[in-house]
Amino acid sequence: MGIVDDDIARVRDASDIVAVVSEHVQLKRVGRRWSGLCPFHAEKSPSFSVNSDQGLYYCFGCGAKGDVITFVREAEHLDFAAAVERLAAKSNITLRYTDARDGENRKRRSRLVEVMEAAVDFYHQRLLEAPDAAAARKYLRSRGFSSEEVRHYRLGWAPDAWDTLVRDLPQPRELLVEAGLAFMNQRGRPTDAFRGRVLFPIFNANGDPVAFGGRLMPGAEGPKYKNSSGSSIYDKSRVLYGLNWAKADIVTSDEAIVCEGYTDVIGFAAVGVGRAVATCGTALTEDHVRTLRSYASRVVLAFDADAAGQNAAERFHEWEQRHGLEVSVAAMPVGSDPGDLARTDPDALRQAVADAIPFLRFRVDRVLNGRDLSTAEARARAATAALEVIGSHPDPLVRDQYVMDLADRLRLPPDELRTRLAHRGSGGGGRPERGRPDPTAGTRPAPTPVAVLHDSPELEALRLVLAVPDEVAPSLHDALFADPLCLDAYRALGTAGWRAAQLADTSDEVVALVQRLGVEQPVSEPAEVIERLAEAAGQRQLAILGNEARMSGDERALEVAGVVAWLKPLLESLRDPRTAPEAAPVLLAWLIDRYEGRA
Ligand code: ZN
């Protein structure tokens, strides 16, 4: 991989996995481990568990697992070497590389960050002190920036001259060019990239300066905003302005606010809302969304989401689904942006965020509000327009809730609206659902109605995994099956990608069982079945622990008694529907650990 093995091991040992995970997830201590909401899948109750003694994490929900390096790779979307480098920097470990080129590239990037750092300081001092920055200082004051803000965000002033930076900053020219701070003009002279602009330094999530956004002074000629071009340290489709300051707040509140401008981020922080970030002169990309998702499960859009257009809207809905994200919209008063509102009406800004509504609701409201709904014809037209919006959401359950709500608002029969939704556009029957194999494909007979069950939660789990694999398979584990035939069937199905038709290399018994279960309709909720499985598995472990205590010496018996004292009340809370959703993930994580010999 490029980095010397010993150094990788040193980095792993020196890193505190709880501290590293806590940058993304709010962790709570549960017994001997830590638990929180998984940053890799959508969930309401914590199934993500961190064991600091072993330096490992595990999610019972989606199966994500690994050590501190894996975590940084996954959460921050880095390759292996970059993740090790990031952790090494945190622990002040100097890495050695097996391939000289890797070392060179890494050195080059950290040199570029140094150059950026020097430029941030240079421009910041100019803004604070230079006589030619007087107008810029006055402008910032007039926009409501305090001197504390100017210092905290390290705002700068790029003089209105050709080569101040190139001349006065003692850094190699080719690095200034590579960092996007300078370029060669047509006569081959090095020239400053930013001239006559107020500068907002852009930092990556770790707080390294990687770029600038520059705003022209009012009345000056040229585009109002200019941003650094991309470089090996700056990718504008990934970097979010303000994330370095906001990430702690984003993790604690499980919510990020996305706005459009640097001044919006600063404005939000000024009114005590420290969880805002901004895209840097681009539309929100999926990489931005993935980055945000690793810190929070809710995103509030604080810009004109309507202007983003239908295509963007469909993308947002897809990201909601694919990344387990809730997108909502804070409606700003017409004609104002968060940066302005923060100075003129802070309460209105805070309220807009508190009143944020789901993105789809926002779009449907936009279509319906202000329409004449007095006649049947007008209501039918409104319905058509609203269904067009509703149809852009990929989840049939969500679509149906909005259809019922629409029927209510327009006093139209819901079934009629459902039919219209299914036949809108080319009459193709709506959008195909993503990522789920169609369980009814092929020769599957009509489902048998209810009566069949409740025979055994293990059989029911297999029925569910055949019917709705995406919903159930991630929560299941070998540890939950006691019946050997069910366990074999579960494992064989896992190998077959949860498709009965793909079963190979397995016994006739398993095939027969799977065929039978495949035609029976599950009647239970996935969560309920998993709770019953966990409870049964927990009871089995309780019996094993009891035997163990009887057979072993005092010291081990004492240890076992401690585990039993923890396990018993947990099993009890699993039987209470009010506490079961909390207890199940904790128990599952422990069962899996124990099954895999870690507990
Ligand atoms: Zn997970």
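Shown above is the structure to which this text applies.
As a starting point, this report considers the structure included with it. Please read all numbers here as calculations on a predicted model, not as lab measurements. Each residue is numbered by its place in its chain's sequence as written, counting from 1. Where totals are concerned, whole chains, interfaces and linings use all residues; where local detail is concerned, this predicted model gives features only for residues with pLDDT of at least 70, and gives and counts side-chain atom pairs only at 80 or more. With hydrogens and water stripped out, all remaining heavy atoms of the structure feed into the side-chain values.

When a metal carries six donors in an octahedron, the ideal angles between them are 90 or 180 degrees, while four donors in a tetrahedron ideally lie at 109.5 degrees. Coordination shells were defined by N, O and S atoms within 2.8 Å of each metal, extended to 3.2 Å for Na, K and Ca; water is absent from the atom set, which can make sites look incomplete. Only Cys38 (SG), His41 (ND1), Cys59 (SG) and Cys62 (SG) from the protein reach the zinc ion as donors, at distances of 2.1 to 2.3 Å. For the zinc ion, the four donor atoms in the first shell make angles of 104 to 118° at the metal, so the coordination geometry reads as tetrahedral. Expressed as a motif, the donor residue spacing for the zinc ion is C-x2-H-x17-C-x2-C. When accessible area is computed with a 1.4 Å probe and restricted to protein chains, residues below 20% of their type maximum are described as buried, those above 50% as exposed, and intermediate ones as partly exposed. Overall, Cys59 belongs to the buried group, its relative accessible area being 0%. A four-donor site is called tetrahedral if each angle lies between 85 and 135 degrees; a four-donor site is square planar, and a six-donor site octahedral, when trans pairs exceed 155 degrees and the remaining angles lie between 65 and 115; all other cases are labelled irregular.

Turning to the sheet that holds strand β11 (residues 225-227), a few remarks are in order. In short, DSSP must find at least two bridges between two strands for them to pair. Put simply, DSSP marks the helices as runs of H or I at least four residues long and the strands as runs of E at least two long, and each gets a number from the N terminus on. Reading across the sheet, the four strands line up as β6-β9-β10-β11 and stay open at both edges, with antiparallel pairing between neighbours. With one partner strand each, in any of the chains shown, β6 (156-158) and β11 form the two edges of the open sheet. On average, each strand axis in the sheet is tilted by 35° relative to the strand beside it, whichever way the strands run. Pairing geometry for strand β10 (residues 209-216) and β11, over three bridges, is antiparallel. From the neighbouring strand, Gly214 faces β11, where its bridge partner is Lys226. Throughout, a residue-residue contact means that at least one pair of heavy atoms, one from each residue, lies within 4.5 Å. Angular values range over 0 to 180 degrees, each being the angle between N-to-C directions of two axes fitted as lines to C-alpha atoms, with helices fitted over their stretch in contact. Lying over the sheet, helix α11 (residues 262-270) contacts β9 (197-203), β10 and β11, oriented at roughly 70° with respect to β9.

Expected span of a helix: the number of residues minus one, times 1.5 Å. The terminal C-alpha atoms of helix α18 (residues 396-410), which comprises 15 residues, lie 21 Å apart, in line with the 21 Å expected from a rise of 1.5 Å per residue. Residues of α18 that are buried include every one of Arg399, Tyr402, Val403, Leu406, Ala407 and Leu410, and no others. All buried residues of α18 fall inside an arc of 145° around its axis, so they share one side. Projecting away from the buried face of α18 at angles above 90 degrees are the exposed residues Leu397, Gln401 and Asp408. Each element contacted by the buried residues of α18 is listed here: β16 (357-358), α16 (359-368), α17 (376-390) and α19 (414-423). Immediately downstream of α18, the backbone of Arg411 shows phi near 50°, a positive value. The reported arc concerns the directions from the helix axis to the C-beta atoms and nothing else.

Ring pairs are drawn from Phe, Tyr and Trp, using the six-membered ring of Trp, whenever the two centres fall within 6.5 Å, and their geometry is named by plane angle: stacked under 30 degrees, edge-to-face over 60, tilted for the rest. Using the criterion set out here, one finds 20 aromatic pairs in the structure. Their ring planes at 85° and their centres at 5.5 Å tell us that Tyr123 and Phe212 sit as a pair that is edge-to-face. Of the two residues, Tyr123 sits in helix α5 (residues 100-129) while Phe212 sits in strand β10, which places them 89 residues apart along the sequence. On the basis of relative accessibility, which here comes to 0%, the residue Tyr123 falls in the buried class. We classify Phe212 as buried; its relative accessible area is 1%. Arranged with centres 5.2 Å apart and planes meeting at 65°, the rings of Phe316 and Phe359 form a pair that is edge-to-face. On the criterion of sequence distance, the pair formed by Phe316 in helix α13 (residues 309-322) and Phe359 in helix α16 is long-range, its members being 43 residues apart. You can call Phe316 buried: its relative accessible area is 4%. Pairwise contacts between aromatic rings join Tyr153, Phe200, Phe203, Tyr225, Tyr241, Trp245 and Tyr262 into one cluster. Any Lys NZ or Arg CZ that is within 6 Å of a ring centre and within 35 degrees of that ring's normal is treated as a charge sitting over the ring. Just above the ring of Phe194 sits the side chain of Lys226; from NZ or CZ to the centre is 5.6 Å.

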